[in-house]
Amino acid sequence: MDARAVEFACSPRRAPTFVRGLGATLWDEGGNEYVDCGASFGVGNLGHCHPAVVEAITAQARQLIHVGPTFGTDAKAAFTGRLLSVAPRNLRRVFLSNSGSEAVEAALKFARAATGRPKVVAAMRGFHGRTMGALSATWRRDFREPFEPLVPGFVHVPYNDIDALRKAVGGDTAAVILEAVQGEGGVHVASPEYLPAAREICDAAGALLILDEVQTGMGRTGRLFAVERWGVEPDLLTLAKSLAGGVPIGATLATEAVERAFKGSHNSTFGGNPLACAAGSAAIDVVVRGKLWERAETLGSRALEELRGLEAPAVREVRGLGLMIGIELRGKAAPVLEALQEDGVIAIGGGSSVIRLLPPLVITDAQWARAIESLGRALRNG
Ligand SMILES: Cc1ncc(COP(=O)(O)O)c(C=O)c1O
């Protein structure tokens, strides 16, 4: 039976049905092969079924599948240690959960409970998830409206507008939450001044800075964490998607000062479960040993140059950082996505008029060249 017949219809679904994946390749039930340039919204930085992740999950499953967060496990100790060894140096505390939305929820709760303040300032076009708190920080009206009233105290300001941010942040602000590159919002990159200014504005008001790296983290933008490019130290940083090589996970990193100021209780039954932690340790090792961010930088800048040089009137603008690329069209993205899929290339949208490429960082040169060539063809015909 096709799962789509019984899945609660609350978000778009696309054919085909996939049955297997390896690296940047996916196979559907008819045996057709695709180059995966969407990587499940950026989950697959290591591609599908990376052998190191498969090995880690298999070994862990034989040992211990689940123990709740109240207790320690050796898998959790190894993972949190490994994560903090590569994280921005000022972030020394980790809270583990199961998704990006949960990582954001925790960051918002920690910020409110640590500051005792209600207000959260987010950015227009920002996306932080679909649970009620994370959704309150998310911008898109069609995502928000059916579920109102959302959590009170959230305001949105234009992205990359320092004056607007300064005006919005005050003595009642718990946190500013931003993405270094807005992914779902259509791949908009923060200006060089924006994140340092956000840091200074937060410091002046006694507010916390939350950097949401759920999509940009783990090498995607040409650095292990995108924030490294801006040289900014956030108070809280959220990770998920590719952190455990495809296994569900969320992580909220915080400073010791945030932990000291936090008054309250927060938890997640499956947070820090041994399977995800084992997969996470393996995934971090693969990214760090292979310096996969360097590959993201090389392949990404080459593709940006090529796509910007395309003579395709359908294209309004090409934006991106590393292997996070958005092609904004004058018309709808859907027909181009369909043409690409027919040609064996999976890409995703970022809003209705943006084609988003988030390929695995392990995509081969030949696969990437084939994808860009196919995209060029679809855009010239579009
Ligand atoms: C920046 C950002 N934050 C949070 C989320 C929510 O993550 P999840 O879908 O795992 O809840 C996403 C998902 O696309 C995201 O891109």
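Everything numeric here is computed off the predicted structure, so don't read it as measured data.

Calculation criteria
- Residues numbered from 1 in each chain as written.
- Predicted model: local features only at pLDDT ≥ 70, side-chain atom pairs only at ≥ 80, totals over all residues.
- Heavy atoms only, no water.
- Core = buried A, V, L, I, M, F, W, Y, C linked by side-chain atoms within 4.5 Å.
- Buried < 20%, exposed > 50% of the residue type's maximum accessible area, 1.4 Å probe, protein only.
- Domains from an automatic or database assignment.
- Contact = heavy atoms within 4.5 Å.
- Helix = DSSP H or I, 4+ residues; strand = E, 2+ residues; numbered from the N terminus.
- Phe/Tyr/Trp six-rings, centres within 6.5 Å; stacked < 30°, edge-to-face > 60°.
- Lys NZ or Arg CZ within 6 Å of the ring centre and 35° of its normal.
- Near = heavy atom within 4 Å.
- Polar contact = N/O pair within 3.5 Å; in protein donor to acceptor, adjacent residues only side chain to side chain.
- Areas by Shrake-Rupley, 256 points an atom, 1.4 Å probe, with all protein chains shown as cover.
- Nonpolar A, V, L, I, M, F, W, Y, C, P; charged D, E, K, R; others polar.
- Buried area = accessible area lost by both parts, 1.4 Å probe.
- Salt bridge = Lys/Arg side-chain N within 4 Å of Asp/Glu carboxyl O.

Examining the nonpolar core
When a protein is soluble and globular, its nonpolar side chains tend to lie buried together. The biggest cluster of nonpolar side chains holds 93 residues, and the ones touching the most others in it are Ile 327, Ile 355, Leu 357, Trp 368 and Leu 379. When residues of this core are assigned to domains, at least three fall in each of domain 1 (3-49 + 291-381) and domain 2 (51-289). Discounting residues that sit within four places of it in the chain, Ile 327 has contacts with Leu 307, Val 315, Glu 317, Val 318, Ser 353, Val 354, Ile 355, Leu 357, Leu 375 and Leu 379. Core analysis: the second largest hydrophobic core is formed by 20 residues, Val 104, Leu 108, Val 120 and Ile 177 among them.

Some details on unusual backbone geometry
With an omega of 0°, the peptide bond between Ala 15 and Pro 16 qualifies as cis. For Pro 16, the position within the fold is in the segment before β1 (18-22). The residue Phe 41 is not glycine, and still its phi comes out positive at about 60°. Locating Phe 41 in the fold gives a position in helix α1 (residues 39-42). Looking at Phe 41, the relative accessible area reads 41%, which means it is partly exposed. In this model, Arg 125 sits at a positive phi of 70°, which is unusual for a non-glycine residue. When you line up the elements, Arg 125 lands in the loop between β5 (119-123) and α5 (132-137).

Observations regarding the packing of aromatic side chains
For the coordinates displayed, the defined rule picks out five aromatic pairs. Aromatic pair Phe 127 and Phe 143: ring centres 5.9 Å apart, planes at 80°, arrangement edge-to-face. Here Phe 127 is found in the loop between β5 and α5, whereas its partner Phe 143 is found in helix α6 (residues 141-144), with 16 residues between them in sequence. This pair shows no difference in class: Phe 127 is buried, exactly as Phe 143 is. Judged by centre distance (5.3 Å) and plane angle (75°), the ring pair of Tyr 159 and Tyr 194 falls under edge-to-face. One end of the pair, Tyr 159, is in the loop between β6 (154-157) and α7 (162-168); the other, Tyr 194, is in helix α8 (residues 194-205), with 35 residues separating them in the sequence. An aromatic cluster of three or more residues is present, and its members are Phe 95, Phe 110 and Phe 262. Directly above the ring of Trp 27 sits Arg 20, whose terminal nitrogen or CZ lies 4.0 Å from the centroid.

Looking at the site of the ligand
Within the structure, the ligand sits among Ser 99, Gly 100, Ser 101, Phe 127, His 128, Gly 129, Glu 179, Glu 184, Asp 212, Val 214, Gln 215 and Lys 241. Contact distances for the ligand include 2.9 Å between an oxygen atom and a backbone N or O atom of Gly 100. For the ligand, an oxygen atom lies 2.6 Å from a polar atom in the side chain of Ser 101. The protein chains hide 83% of the 390 Å² of surface that the ligand would expose on its own. Residues that form the shell around the ligand fall into these classes: two nonpolar, six polar and four charged.

Considerations on the domain arrangement of the chain
Note on interface size: it is often stated as the accessible area lost on association of the parts. The domains assigned to the chain are domain 1 (3-49 + 291-381) and domain 2 (51-289). Using only C-alpha atoms to locate each centre, domain 1 and domain 2 end up separated by 25 Å. At the interface, 28 residues of domain 1 touch 34 residues of domain 2. For the pair domain 1 and domain 2, the summed buried surface comes to about 2400 Å²; carbon and sulfur atoms form 60% of the total. By the criterion of area lost to domain 2, the three top residues of domain 1 are Trp 293, Leu 321 and Met 324, representing 29% of everything that side buries. Summed over the shared surface of domain 1 and domain 2, the number is three salt bridges.

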